[in-house]
Amino acid sequence: MYSRSYHFSYVAAITLVLSPALTVLGLSEALASAPMINPRRFPGTDRAQATNPKTQADTLLEKGIKDHRQGLFREAIQAFEQALAIRQQLGDKPGIGETLNNLGEVYGEIGLLPKALAVLQQALLINRDIGARSSTARTLNLLGFVNRAADNFSEAMKLHQEALELAKTAEDEIEIGESFHNIGAVYGEQGNYAKAIEFYQQARTIRTAKGDRRDLGRTLNNMGGVYYNIGDFNRAMEFYQQALAIRREIADRAGVGRLLNNMALTSRKLGKDSQALIYFQQAMIMLEAIGDKTSVGRLLNNMGAIYEGQGQYAKALESYERALKNAREGGDKAGETTAMEGIKRLSSGQLVPQ
């Protein structure tokens, strides 16, 4: 049976509207990102097995999944592309469909939506052709995410609902949970928070029963995002703390970083700027470790705003300057504009001692 990695537990420049990280970092949790498979163990010492193409492809796939979990996106893409080439040579259609799903997932997570769409459309053709219902449901959910990231909410909802019906016919509880989660995400992005919570709760029930720790963390994070958006910041923090415990448990550095960012934003809403700075600083360590320039830049902009509000203008200016550098390196125009406005404001001579 082929492995599955789930869906957008991180996200680099696109994601769920429900998480405050999306507002500030532009990151996704839906996608963002992500239940992870239990890695398969392959016999590794036998020379014949080591040179067997199928074994090589399987091992590369597992490496790609591991790299993806750790936020090593380029390395994951390289491993998936190598696995795909071998499986294409073997004519292994189920393996090709599975690998394309994984590749499309990473492309979507780092914001390369046209590439993600092209890869996932190939996967859909193959998975439908061979009658792989679970793999097809997964492809539909991933395509739904791509549409969601492009603000095509009606098409995203259609795809997620189609995935749900297919997953039910396949009796695939994992993909049913993913579909519930994604439908909740669409409702959340449309501002229908009651329906979002309803579907997230169904996803949470399934994921708790199945022991899907990574996916459960995603759902808890997004539920926190819903409560953040409706102004119930204490309840939001409760869900974020539950999700953070899971992400630390499974060593998801990118996910921990994004959750700490969410907790920092929530702390600001609760009037706890000093605590927010602590969370931002902790988040920055995680996000710098995975090379997420866009997220680091936006996080530094937030820190600059706090320092500015506290009258610590030298620290604020330093944060904005670092934010500008990261935004430019990450190609984040919105973050660049925010940083430049902060620098202009603080460098006017009115706030920073000359």
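Reading the values: the criteria
Residues numbered from 1 in each chain as written. Predicted model: local features only at pLDDT ≥ 70, side-chain atom pairs only at ≥ 80, totals over all residues. Heavy atoms only, no water. Helix = DSSP H or I, 4+ residues; strand = E, 2+ residues; numbered from the N terminus. Buried < 20%, exposed > 50% of the residue type's maximum accessible area, 1.4 Å probe, protein only. Areas by Shrake-Rupley, 256 points an atom, 1.4 Å probe, with all protein chains shown as cover. Salt bridge = Lys/Arg side-chain N within 4 Å of Asp/Glu carboxyl O. Core = buried A, V, L, I, M, F, W, Y, C linked by side-chain atoms within 4.5 Å. Contact = heavy atoms within 4.5 Å. pLDDT = per-residue confidence, 0-100. Phe/Tyr/Trp six-rings, centres within 6.5 Å; stacked < 30°, edge-to-face > 60°. Axes fitted to C-alpha atoms, helices over the stretch in contact; angles between N-to-C directions. Parallel < 35°, antiparallel > 145°, perpendicular 65-115°, else oblique. Left-handed = near helix turned anticlockwise from the far one by under 90°. Nonpolar A, V, L, I, M, F, W, Y, C, P; charged D, E, K, R; others polar. Expected span 1.5 Å × (residues − 1). Arc of directions from axis to C-beta.

Caption draft 1: Structural view of the overall build of the chain. When helices and strands are tallied, the chain shows 17 helices and zero strands. A total of 354 residues make up the chain; the buried ones form 56% of that total. Taken as a whole, the chain presents about 14,700 Å² of accessible surface, with 51% of it coming from carbon and sulfur.

Caption draft 2: Geometry of the pattern of salt bridges. This model, assessed by the stated rule, comprises 24 salt bridges. The closest approach of N and O atoms between R87 and E98, which form a salt bridge, is 2.7 Å. Placement of the pair is R87 in helix α4 (residues 73-90) and E98 in helix α5 (residues 93-109), with a sequence separation of 11 residues. A salt bridge links R218 to D215; its shortest N-O distance comes to 2.8 Å.

Caption draft 3: Focus on the nonpolar core. Among the nonpolar cores identified, the biggest contains 86 residues, and F80, L103, F180, F280, L299 and M303 are the most heavily contacted of them. When residues of this core are assigned to their parent elements, the largest contribution, eight residues, is made by helix α12 (residues 233-249). Leave out the neighbours within four places in its chain, and F280 touches N261, A264, L265, R268, L299, N302, M303 and I306.

Caption draft 4: Quick peek at the confidence of the model for the chain. Taken residue by residue, the chain gives an average pLDDT of 86. The fraction at 70 or more is 84%. Between residues 1-49, whose pLDDT stays under 50, and residues either more than four places distant or in other chains, the model counts 224 contacts.

Caption draft 5: Spatial organisation of the packing of aromatic side chains. Counted by the stated rule, this structure contains four aromatic pairs. An aromatic cluster is defined as three or more aromatic residues linked by ring pairs; in this entry it consists of F180, Y187 and F199.

Caption draft 6: Local environment of the packing of helix α13 (residues 253-269) against helix α14 (residues 273-289). At a minimum axis separation of 8 Å, α13 and α14 run at an interaxial angle of 160 degrees. Compared by their axis directions, α13 and α14 come out roughly antiparallel. Note on packing geometry: the crossing formed by α13 with α14 is left-handed. On α14, the residues touching R253, A254, V256, G257, R258, L260, N261, M263, A264, L265, S267 and R268 of α13 are D273, Q275, A276, Y279, F280, Q282, A283, M286, L287 and A289. Taken together, the residues of the contact of α13 with α14 break down into 13 nonpolar, five polar and four charged.

Caption draft 7: View of helix α17 (residues 333-346). Counted at 1.5 Å a residue, the expected span for α17 with its 14 residues is 20 Å, and the 20 Å between its end C-alpha atoms agrees. The complete set of buried residues in α17 reads G335, E336, A339, G342, I343 and L346. Seen from one end, α17 has its buried residues packed into an arc of 130 degrees, which puts them on one side. Away from its buried face, by an angle of more than 90 degrees, α17 presents the exposed residues K333 and K344. On its buried face, α17 sits against α15 (293-309) and α16 (313-330).

Caption draft 8: Helix α6 (residues 113-129), seen in detail. Under the 1.5 Å per step criterion, the end-to-end length of α6 is 24 Å for 17 residues, consistent within 8% with the ideal 24 Å. Residues L113, A116, V119, L120, A123, L124 and N127 constitute the buried set of α6. What you see down the axis of α6 is that its buried residues fit within an arc of 150 degrees, all on one side. Along α6, the residues that are exposed and aim more than 90 degrees away from the buried face are P114, L125 and D129. Buried positions along α6 lie against α5 and α7 (133-149).

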